[in-house]
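Each chain is listed here by its residues.
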Amino acid sequence: MGSMRNPVGPLPSSIYWRRRAIFGAVLVLVALLVVWLVNVTGGGGGGKKDGAQGSGGSSGPAPSITPGPSGSGPAISQQPGGRDESGGSDKDDDTATPGDGASDGDADGGSGKDGSGKDGSSDGADGTDGSNEAGGDGGSGASGNGAGSGSSAAQQVPAGSSLPDCTTDVAELSLRSVHNTYEPGKKPRLELSVKNSSAAACKVDLGAARTVVTITLTGEDAPYWSSKDCPATESLWLRVPAKETIRYEIEWNRKASRDACAKPPSGSAKPGTYLVEAKAPGLKKARASFRLDED
């Protein structure tokens, strides 16, 4: 024990005490390292076990996920012409199929992509900060006159907006029928689209009095129905984003229309092929057709 307290050797005792202190510190560090490794290894194994139990032993129901708000943009609805005899608009419950309908635009007889069923894919991305409901039972609110109802996911802008008007050099108006034929009682649905090919946004007025849509039975000279006869909304300015296409749908209730909201003849459109024409300010005419089947 004396040699432990008083080291014997050729060197001073202080050097031996330093060596002992260093050796003791190394032993403590090694012990701590071993304890730490044991804890880490043991914890990892437990975690794996718990993970295995969690992945294979779940017995509770899956948690429900509440969907967030829709980002499809607001719908702008209106009746672009005539008075609705039914007091409302019942949507056609048929599902549109790709390529249904026909549109010749004014240049190439229509675009297949207008019938691709991708309505709202690019329009919805543009979004809108609000919604505007413009509707009613026709121009005067009375019943008895043919009417159409319209809807759009495009952003409405004021008439005095600084956006330039869409013109033929940058935009193209297209028209198609959602279906080629309609069974008795089914309301024809027509889709107007405006494609902006420029690098800057523009605006177009699709109001019933400004963008005139007519439906004429083949072989007849006068339109059977016209949106300008009794428009519910005179003007409807919509923003067309750069390199994008907006779409606007019109539903026709098969009733005739008369100028200045006069009462038309009773009854509905008879079976046959009908020609549709649309003319928007500053854009070329667009045409399409559809057929009403017999009973």
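Since the model is a prediction, treat every value here as computed from it, not as a measurement.

Quick word on a nonpolar patch on the surface
A surface patch of nonpolar side chains, about 440 Å² in accessible area, is lined by I22, V26, V30, V34 and V38. Turning to its location among the elements, I22 is positioned in helix α2 (residues 13–56).

Here we look at the packing of aromatic side chains
For the coordinates displayed, the defined rule picks out six aromatic pairs. Taking the centre distance of 6.5 Å and the plane angle of 70° together, the rings of Y224 and Y274 count as edge-to-face. Here Y274 lies in strand β11 (residues 272–279) and Y224 lies in the loop between β7 (212–217) and β8 (225–226), a separation of 50 residues in the sequence. Looking at Y274, the relative accessible area reads 1%, which means it is buried. Ring centres of W252 and F290 lie 6.2 Å apart, and the angle between their planes is 55°; this geometry places the pair in the tilted category. With a gap of 38 residues between them, W252 in strand β10 (residues 245–252) and F290 in strand β12 (residues 286–292) connect regions that are remote in the sequence. F290 shares its class with W252; the two are buried. Through successive ring pairs, a cluster of aromatic residues spans Y182, Y224, W252, Y274 and F290. Over the ring of W17 we find R20; its NZ or CZ atom is 4.9 Å from the centre of that ring.

Quick look at the state of the cysteines
Under the counting rule described, the total for this entry stands at two disulfides. Covalent S-S linkage joins C166 and C202, the inter-sulfur distance amounting to 2.0 Å. Its S-S torsion of about 90° marks the bond between C166 and C202 as right-handed, since a negative value means left-handed. With C166 in the loop between β2 (148–152) and β3 (171–177) and C202 in strand β6 (residues 202–205), this pair connects stretches of sequence that are 36 residues apart. You'll find C166 and C202 in the same group, each marked buried. Two residues share a disulfide in this structure: C230 and C261, whose sulfurs sit 1.8 Å from each other. Taking the torsion about the S-S bond as the criterion, the C230 to C261 disulfide, at about 95°, is right-handed. In this pair, C230 is assigned in the loop between β8 and β9 (237–240) and C261 in the loop between β10 and β11, connecting sequence segments 31 residues apart. A relative accessible area of 0% places C230 in the buried class. Taken in sequence order, the bonded cysteines of the protein link in the pattern 1-2, 3-4.

Overview of the sheet that holds β7
Strands sit in the order β4-β12-β11-β7-β8 across an open sheet of five strands; the sheet is mixed. At either margin of the open sheet sits one strand with a lone partner, and together these are β4 (181–182) and β8. Note: β7 against β8, two bridges, orientation antiparallel. Bridged to I215 within β8 is W225.

Thoughts on the confidence of the model for the protein
Per-chain confidence: the protein averages 72 in pLDDT, with 59% of residues scoring 70 or above. Below pLDDT 50 for its whole length, residues 45–149 participates in 231 contacts with residues either more than four positions away or in separate chains.

Points about the nonpolar core
Of all hydrophobic cores here, the largest spans 34 residues; its most connected members are V194 and F290. Mapped by element, the contributors of at least two residues to this core are β3, β5 (189–196), β6, β7, β9, β10, β11 and β12. The contact partners of F290, leaving out residues within four places of it in the chain, are S177, H179, N180, Y182, P188, L190, I215, W252, G272, T273, Y274 and V276.

Structural notes on unusual backbone geometry
A positive phi angle, close to 70°, is found at R254, a residue other than glycine. Residue placement: R254 occurs in the loop between β10 and β11. Residue classification places R254 among the buried residues on the basis of a relative accessible area of 9%. Positive phi is not limited to glycine here, since A260 has a value of about 60°. Position of A260 among the secondary structure elements: in the loop between β10 and β11. Looking at A260, the relative accessible area reads 63%, which means it is exposed.

Analysis parameters
- Residues numbered from 1 in each chain as written.
- Predicted model: local features only at pLDDT ≥ 70, side-chain atom pairs only at ≥ 80, totals over all residues.
- Heavy atoms only, no water.
- Patch = residues over 30% accessible without salt bridge, like charges linked within 9 Å, V, L, I, M, F, W, Y side chains within 5 Å.
- Areas by Shrake-Rupley, 256 points an atom, 1.4 Å probe, with all protein chains shown as cover.
- Salt bridge = Lys/Arg side-chain N within 4 Å of Asp/Glu carboxyl O.
- Helix = DSSP H or I, 4+ residues; strand = E, 2+ residues; numbered from the N terminus.
- Phe/Tyr/Trp six-rings, centres within 6.5 Å; stacked < 30°, edge-to-face > 60°.
- Buried < 20%, exposed > 50% of the residue type's maximum accessible area, 1.4 Å probe, protein only.
- Lys NZ or Arg CZ within 6 Å of the ring centre and 35° of its normal.
- Disulfide = S-S within 2.5 Å.
- Pairing = 2+ DSSP bridges.
- pLDDT = per-residue confidence, 0-100.
- Contact = heavy atoms within 4.5 Å.
- Core = buried A, V, L, I, M, F, W, Y, C linked by side-chain atoms within 4.5 Å.

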